[in-house]
Amino acid sequence: MVTVRSIPNTPSSLTTNDLPWIIEHNQDRCTLCGRCAAVCPVGTLKLAYMRKRMPHLVLSSTERGSAYKTFVGIRQSTEVSKRCIGCGSCALVCPNEAIHPIHNSIRDRFRFLNTQQGEPAKRGGRRNEPGASLLDRIIFDRISMLTDPALDAGRHEFSCNTLLGRVLPPDEYVRRKLAGEWIPPVREIFPFVIGSMSFGALSPNMWLGLLQGVAYCNEVLGIPVVMATGEGGCPPWVLRSPFLKYIILQIASGYFGWDEIIRAIPEMQCDPAAIEIKYGQGAKPGDGGLLMWFKVSKLIARLRGVPEGVDLPSPPVHQTLYSIEESVMKMIQTMSMAWDFRVPVYPKISGSTSAKSVLNNLVRNPYAAALMIDGIDGGTGAAYNVSMDATGHPIAANVRECYLDLCAQGKQNEIPIFAAGGVGKNGNVTQNGMALIMLGASGVHMGKYIMQAAAGCLGTETNRCNVCNIGLCPKGITSQNPKLYRRLDPDQVAQRVVETFMSIRTEIKKVMAPLGRSQSLPIGMSDALGIDDKDVAERLNIRYVC
Amino acid sequence: MSKVIVVKGLDANGQRISSKNYEELVQKAFAKSTRLKLETYGQHNVGGRLKSNGKKVEIEINGPCGQRLGCMGMPGTTIVCDGPASDDVGYLNIGAEITVKGDATNGVCNAMAEGKVYVGGSIGARGLTMTKWNPEHQRPELWVLGSVGDTFAEFNCGGIGVVCGIEAKNPKNILGYRPCVGMVGGWIFYRGKNDGSYDKKSVMAILPNDAQWQWLMERMPLYLKKIGRTRLLKKLSVRKEWMMLISIPPQDRALMFSGPMPMAEFKRKIWDPAFGGGDPIRDLAPGLDRSSIGMIETGDLRRRQPFWANRDKAAPCAYYCPVHIPTVDRLRLFREGKGDEAYEMLLDYTPLPASVCGHVCPNLCMQNCSRQLVDEKIDVQMLGRAARDAKLPKPAKQLGKKVAIIGGGPAGMNAAWQLAKGGVEAHIFERDQQLGGKLAQVIPWERLPKAIWDKEIKRFLSMPNITVNFGVTMTKDKFAELKKKYDHVIVAVGTHQPRTIPFPGHDMVIPALDFLKSAKSAKPPKVGKQVVIIGAGNVGCDVACEAYRLGAQEVTLVDIQKPLAFGKEKAAAEELGATFKWPVQTKEVTSEGLIDAAGQLIPAQTVIISIGDVPALKFLPDTVEVLSVGGASWIKCNTAGLTSDPKISAVGDVERPGLATNALGAGKKTAESILAGFKGEEWHDFDLQVIPQSSLTAAHYTPDSCGSSEAEEADRCMSCGTCRDCHLCETICPTQAISREKLEDKSYRYVSDPDKCIACGFCSDTCPCGIWVMRPF
């Protein structure tokens, strides 16, 4: 019989030392201001009262019994549902640096108990693979000093934009031009694209802040940055604004927000940059978008055309498409037709050993403007742990394979490949992107990097925070709760977006200049790449250097 | 003046001498004379490294000139090249004066630090680049008659350029493409068109001021003389045709270029107007406020808020007690010095505190007493006993109603007590000659002292509105009469019919109920030395104790399953020596004793059966539905004790067997619902939830010796769910949001100011009684 005094033991009992993040609290510095407990997104911090017993043990004294002293301190909960996520909001608000979380990867037992109520572990964020990624290790080693003229990254003029769209072979282009036939639309864009993160996965302040930064880059700085919308649609006012030309509209298996888009077409001031047809996402192949009910606020529901507060797990496949050929034919033609064939339309797929088959189908289709491959290292707002960690394909080999296949057919200049999945995940965004470009990509999409650089996302590859899926984002990036997302100022996000792209542009020049390139992006210039891993070098068909 | 020495560039065979060898020849010649005529044939690096030592060094170049003419030229050296020159004239020149009577190609004056280069034609790309200027020396100068090529003056750090635009190679742009990139010092005079591609961050175009114009005009004649074009002087002296590019100092640059358009300006001028001058999502979410807030907020922006939920949940003592006696409130009254009120409150709930709470009840209230988290539960028995002498409560005004209660056991007694207190006449009809039911008839005096019991009965009977009729056996007719005469009837007859099992010899077996009644009477029965009791529950233990008292020496309790006896009753029986045997199934009973199914004999002279009692309901009218459970009939009631007949209620064992305390509780509940009916009010059952122990903060209490007085127990009580006015919440609140408010009826409450509260939860973490709770907002 469990009495009042018993300490219960259950399979899901945890001690502080079993938790993935342990709060270190310095009682000497704590001023009991309450801010850490107020701000903690999961409510793990509480003011604990503890009692110390001091028995009277002096032999020579006759005083016996115990004295007691009560003291207080901030403690964390050991309940599974309230475990510390390591976000560090407590450290952010503490006036005395008295508290911060510490990672406990070695003794964490929560990983065995994260299946409460039969639900497998889910999270938002990233794959949690710390350390240098493959892309981090690729170096640019074919330095021009004397043979080709070395260029000055700071002073010479560089053309580092890329092309999104089906580029006709020169003779075909001339023939069509003279005959007055249709020329596929091609956009000149900055090779680093803000990848699809939906209005819904992101808060309105974040999404609009990103767009504002993108608009600034284009209109003030002349950097032709574009941003993809993700699955959640696009606000009607934005569709009717002049900024639509900086936006890639995504259409996915959930079809959210497309009624508004179709409604807006006659009133659009300009065409969108492109249409992205999502067939898969690198972070969680096998799942479509996953927006849980707590993030389907009134605003999101209204834009997406669904009731408030319902889970929105999009199907992994488009419900009426069952083959590559059919998908390509039906979707690409429909989307192209919607804008009278003026807008490039391309599919986005998860990285896979079968990516080449998709590419080869696209090559045969005259309307396909590109292929976007999303690798396993991609981030997401919500995914099952097992999907995020174990399903997918690393991007480098996928891109390389596809590009070399195109080269074998002589089509490498015609259908661009765009790559994503971990570009900049450790901060080396330009290096990662340029490595992929020189492996054969025409450009890259970045997601996690922009969240970090533009909005200060707290997540790391050691599973810090990563609660995007449940809408508790302490920075207000991925929450639909105004009490959280109003912490994020869209103007400041826009400013950081601008700073990020200015910096990437300079870094691109810093990479291109020593390679002796300035007039065009070095797409496929794989003879300039090297890595200190023989097997990788062989697989990627680049140089092994050590 | 020394003689001019000629150094030929072709050897005797007419072959070109290498630059290395030629340089040696030149140096040898220079050792002899400072005036040299160099008949070059494309040799490079000619004319440099000739230190003057005070004498004038005069070099004439006659022949195809190689690259880097005058490279590392020294002060005092004058070089004149009779024709055009090649790349890098004046490379690293530190003071020589070089005249080229023709065009020169790329890199003229690259890295030059001092000296002058006069070009009588145009030059190629990257002229005057990376020049230096040591302030202890003169500035390097480059004079060009025609135009200059692309990337002119890149990284010019202090040199002066003059580009005259005469016979320019590119008249539309005499300064070339993108001049002055990175130029940080010096200036360029130019006369002619340019494409405006000069680096605006490094230089700015101005008209020469007087001093600058004078500088130019002072030197122009000499330059033209050097290149042999003196007739151009007038043409080149028209001031308005000349412009200058001067480098912008860093401080000025900072003021001129504060970066691209500020974001706020972009927002105002370009971003907002694009959406019709409003929030781009105003159609999707009208009135949505997206303005900035901080990490810590008050008021409506908090994600949770505190509630002072005083008495929102029940303390465990009040919750688990079948009568819901709020011991927590009793002890609070003691703490407040209101001892009399405390007794009054107790007698409000039960007429038998000393007997039941103090002795007989297993004290369900205390089984979950939160004080066990610290030391020992509250000694409620002591509290109960202390109420023995408490005064009689005053009844309310008479309502003019009367209720008949059949059965004077604890259920009927409390029903009568409550009704009487409420101003209703309560008439008890009891079969026996005494009140108390099984409490009086059956429970051994060892467990319930007679003196205490008598006192409480006396108090009970002194309550106005209560009338007791003893010796009344109820029949159907009598019942019908009562129903007519009284406003309501309550059946509280309990269970006084023992269960039996018809095994052979069952007529030799004494039912426990009869035995105990007899044992308590004036004429107790005789018992054998060996006694067997069939049925090892608590009643069986009572039987065992009585048997020992009446002379038994060996008592065995047998049961077909594990004995259900527990607590004081079991302890008492075992202390006297009683033993338990199970599983034992009785086959038959003889005069020898009990024979079990296996044929074993347990010797006994007295065999008693104690397997429970059932109600005797012969008097009940047909309008009252009964339930058949466990082979017996029980009266069916709703939660208020009302039967299927709206004028008849049933309370106690007759409805559901239980403790005396359960009977007391049922009696109270039913009486209250009847009273409410008489007054036309709504009746609510006890519906509070029990406060979870995790809400309490036990660490505030230190283990103590368990009290021997009511005052001491009052101090130990943790006041679960009821504010004890300790002010700790006020003290711990970091923003002083909590304050205590006095209310009109002299009570108080604690409130949290939403404008100050940051929702840290400290109040809830601190509250010893679990009053402050945080709820999502």
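What you see is a predicted model, and the numbers here were worked out from it, not measured in a lab. (Residues numbered from 1 in each chain as written. Chains lettered and ligands numbered in written order. Predicted model: local features only at pLDDT ≥ 70, side-chain atom pairs only at ≥ 80, totals over all residues. Heavy atoms only, no water.)

*Asks:* Looking at this model, I keep getting lost on the overall build of chain A. Mind explaining?
*Replies:* For chain A, the helix and strand inventory stands at 17 helices and 21 strands. For a compact globule of 546 residues, the expected C-alpha radius of gyration is about 24 Å, and chain A comes in at 27 Å, within 12% of that figure. Taking the principal axes of its C-alpha atoms as reference, chain A extends roughly 110 × 60 × 45 Å. Every one of the 546 residues in chain A was classed for burial, and the buried ones make up 56%. Expressed as a percentage of contacts within chain A between residues at least 6 apart in sequence, the contacts between residues at least 24 apart total 74%. Summed over its atoms, the accessible surface of chain A is roughly 22,300 Å², and 53% of this surface lies on carbon and sulfur atoms. (Helix = DSSP H or I, 4+ residues; strand = E, 2+ residues; numbered from the N terminus. Rg over C-alpha atoms; globule rule 2.2 N^0.38 Å. Buried < 20%, exposed > 50% of the residue type's maximum accessible area, 1.4 Å probe, protein only. Contact = heavy atoms within 4.5 Å. Areas by Shrake-Rupley, 256 points an atom, 1.4 Å probe, with all protein chains shown as cover.)

*Asks:* When you look at the interface of chain A and chain B in this model, what are you seeing that I'm missing?
*Replies:* Many analyses report the size of an interface as the accessible area lost when the parts associate. In this complex, chain A contributes 61 residues to the contact, which on the side of chain B involves 62 residues. Applying the counting rule to chain A against chain B returns 2 salt bridges. Its salt-bridge partner being A:Asp491, residue B:Lys267 comes within 3.9 Å of it at the nearest N-O pair. Summed over the shared surface of chain A and chain B, the number is 17 residue pairs in polar contact (both at pLDDT 80 or more). Counting residues per element, the side of chain A that touches chain B draws most heavily on helix H5 (residues 204–219) of chain A, which supplies 8 residues. Classifying every residue of the side of chain A that touches chain B by side-chain character gives 38 nonpolar, 9 polar and 14 charged. (Salt bridge = Lys/Arg side-chain N within 4 Å of Asp/Glu carboxyl O. Polar contact = N/O pair within 3.5 Å; in protein donor to acceptor, adjacent residues only side chain to side chain. Nonpolar A, V, L, I, M, F, W, Y, C, P; charged D, E, K, R; others polar.)

*Asks:* Mind showing me how you'd approach the nonpolar core here?
*Replies:* Across soluble globular proteins, nonpolar side chains show a tendency to be buried alongside one another. Counting residues in hydrophobic clusters, the biggest one holds 126 residues, and the most contacted among them are A:Leu210, A:Leu249, A:Leu436 and A:Phe501. Beyond its immediate sequence surroundings of up to four residues, A:Leu210 is in contact with A:Ile194, A:Met197, A:Leu202, A:Met227, A:Ile450, A:Ala454, A:Val493 and A:Val497. Ranked by size, the runner-up nonpolar core spans 70 residues in total, among them B:Leu331, B:Leu352, B:Met413 and B:Ala426. (Core = buried A, V, L, I, M, F, W, Y, C linked by side-chain atoms within 4.5 Å.)

*Asks:* Help me understand the sheet that holds strand S23 (residues 593–596) of chain B in this model?
*Replies:* By definition, the strands of a sheet pair up through backbone hydrogen bonds, in either a parallel or an antiparallel sense. Residue and element names in this part refer to chain B. Ordered in space as S22-S23-S24, the 3 strands form an open sheet in which the pairing is antiparallel. Each edge of the open sheet carries a strand with a single partner, namely strand S22 (586–589) and strand S24 (601–603). Looking at each pair of strands side by side, their axes are set apart by 25° on average, direction ignored. Relative to S24, S23 runs antiparallel, the two sharing 3 bridges. Paired with Leu 594 across the strands is Ile 602, a residue of S24. (Pairing = 2+ DSSP bridges. Axes fitted to C-alpha atoms, helices over the stretch in contact; angles between N-to-C directions.)

*Asks:* Before we go on, may I ask you to explain the pairing of strand S30 (residues 738–742) of chain B in this structure?
*Replies:* Each regular strand displays side chains that alternate between the two surfaces of the sheet. All names here are of chain B. As defined by bridge partners, S30 adjoins strand S31 (residues 748–752) across 5 bridges and the pair is classed as antiparallel. Following the sheet pairing, Ser 739 is matched in S31 by Val 751. From the end of S30 to the start of S31, which pair antiparallel, there are 5 residues, and Lys 746 there has a positive phi angle of about 70°.

*Asks:* So what exactly am I meant to see when it comes to the sheet that holds strand S2 (residues 35–39) of chain B here?
*Replies:* Residue and element names in this part refer to chain B. What the 11 strands build is an open sheet, ordered S1-S2-S3-S4-S5-S6-S7-S8-S9-S11-S10; its pairing is mixed. Across the chains shown, the open sheet's two edge strands, defined by having one partner strand only, are strand S1 (4–8) and strand S10 (203–206). Across this sheet, the average inter-strand angle for adjacent strands is 15°, counted without regard to direction. The sheet contacts of helix H1 (residues 19–32) involve S1, S2 and strand S3 (57–61), and relative to S1 the element is tilted by about 170°. Along the sheet, helix H2 (residues 210–227) contacts strand S5 (94–100), strand S6 (114–119), strand S7 (141–144), strand S8 (157–163), strand S9 (185–190), S10 and strand S11 (243–247); its crossing angle with S7, the most-contacted strand, is approximately 65°.

*Asks:* Honestly, the packing of aromatic side chains in this entry has me stumped. Any pointers?
*Replies:* Two numbers describe a pair of aromatic rings. These are the distance of the centres and the angle of the planes. Applying the stated criterion to the full structure yields 27 aromatic pairs over all chains. Relative to B:Tyr320, the ring of B:Tyr319 lies with its centre 5.1 Å away and its plane at 85°, an arrangement referred to as edge-to-face. Judged by relative accessible area, B:Tyr319 falls into the partly exposed class, the value being 32%. Residue B:Tyr320 is classed as partly exposed on the basis of its relative accessible area of 34%. Members of the aromatic cluster, joined through ring pairs, are B:Tyr118, B:Trp143, B:Phe189, B:Trp215 and B:Tyr223. Stacked on the ring of B:Phe777, the Lys or Arg A:Lys483 has its end atom at 4.2 Å from the ring centre. If you follow B:Lys200 out to its NZ or CZ, it ends over the ring of B:Tyr198, 4.6 Å from the centre. (Phe/Tyr/Trp six-rings, centres within 6.5 Å; stacked < 30°, edge-to-face > 60°. Lys NZ or Arg CZ within 6 Å of the ring centre and 35° of its normal.)

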